[in-house]
Amino acid sequence: MYDYSDECARALGYSCYDEYLRSEHWKKVRKEVLSSAGNRCQRCGSPGRLQVHHKTYENIGQEHVNDLLAVCRECHERIHFGPFYIDDLDLLESTDDESFTNRIAY
Ligand SMILES: [Zn+2]
Ligand SMILES: [Zn+2]
């Protein structure tokens, strides 16, 4: 499967997007996004199980604040798979359970 996120991560010297997500840079960015959102989901306001969504992968490694969204797990699932607001069209191609679980970590 063509994976744009992996391609962007490789352009930065990471072997894949997962490796990028384990980098110190991403941990720092992620923390900043969550704390600037008040550690609440920017969609529904829930404080539980927050994740950071990339609206675009184009600026990986130097994300703008506007590229990222602090969301709870449920809203994150909806962003990628739900009825509203799908901006990562390539993700629609993978709806089997395994890749679904993998995606949720993003
Ligand atoms: Zn939410
Ligand atoms: Zn996401």
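### Here's the deal with the overall build of the protein chain
- For the protein chain, the helix and strand inventory stands at 5 helices and 2 strands.
- Listed by position from the N terminus, the elements making up the protein chain come as α-α-α-β-β-α-α.
- Counting across all 106 residues of the protein chain, residues that qualify as buried make up 21%.
- When contacts within the protein chain are restricted to residue pairs at least 6 apart in sequence, long-range pairs at least 24 apart make up 45% of them.

### Section: the pairing of strand β2 (residues 68–72)
- Burial analysis of β2 places 4 of its 5 residues in the buried class, the great majority of the element.
- Sheet analysis places strand β1 (residues 50–54) next to β2, joined by 5 bridges and oriented antiparallel. Looking across to β2, one finds that Gln51 is bridged to Val71.

### Looking at unusual backbone geometry
- The backbone of Asn39 sits at a positive phi, close to 55°, despite the residue not being glycine.
- Looking at the secondary structure, you find Asn39 in the loop between α3 (24–36) and β1.
- Residue Asn39 is classed as exposed on the basis of its C-beta count, with 12 C-beta atoms lying within 10 Å.
- You will see that Arg49, though not glycine, has its phi angle at about 45°, which is positive.
- Mapped onto the elements, Arg49 comes out in the loop between α3 and β1.
- With 13 C-beta atoms packed within 10 Å, Arg49 lands in the partly exposed category.

### Topic: α3
- Over its 13 residues, α3 extends 18 Å from the first C-alpha to the last, a length consistent with the 18 Å expected when each residue adds 1.5 Å.
- Immediately beyond the C-terminal end of α3, within one or two residues, lies Gly38, with a positive phi of roughly 70°.

### As for the nonpolar core
- Membership of the largest hydrophobic core is limited to 10 residues, which are Val33, Cys41, Leu50, Val52, Leu68, Ala70, Val71, Cys72, Cys75 and Ile79.
- Ranked by the residues each element gives to this core, the list is headed by β2, at 4 residues.
- Among the nonpolar cores identified, the runner-up in size contains 6 residues, and Ala9, Tyr20, Tyr57 and Ile60 belong to it.

### A word on the confidence of the model for the protein chain
- With 75% of its residues at a pLDDT of 70 or more, the protein chain has an overall mean of 82.
- Here residues 88–106 is modelled with pLDDT under 50, and outside its nearest four sequence neighbours on either side it reaches 16 contacts, counting other chains as well.

### Thoughts on the environment of Leu69
- With respect to the helices and strands, the residue Leu69 is situated in strand β2.
- Residue classification places Leu69 among the partly exposed positions, given that 19 C-beta atoms sit within 10 Å.

About the cut-offs
- Residues numbered from 1 in each chain as written.
- Chains lettered and ligands numbered in written order.
- Predicted model: local features only at pLDDT ≥ 70, side-chain atom pairs only at ≥ 80, totals over all residues.
- Helix = DSSP H or I, 4+ residues; strand = E, 2+ residues; numbered from the N terminus.
- Buried ≥ 20, exposed ≤ 12 C-beta atoms within 10 Å, placed from the backbone.
- Contact = placed C-beta atoms within 7 Å.
- Pairing = 2+ DSSP bridges.
- Expected span 1.5 Å × (residues − 1).
- Core = buried A, V, L, I, M, F, W, Y, C linked by C-beta atoms within 7 Å.
- pLDDT = per-residue confidence, 0-100.

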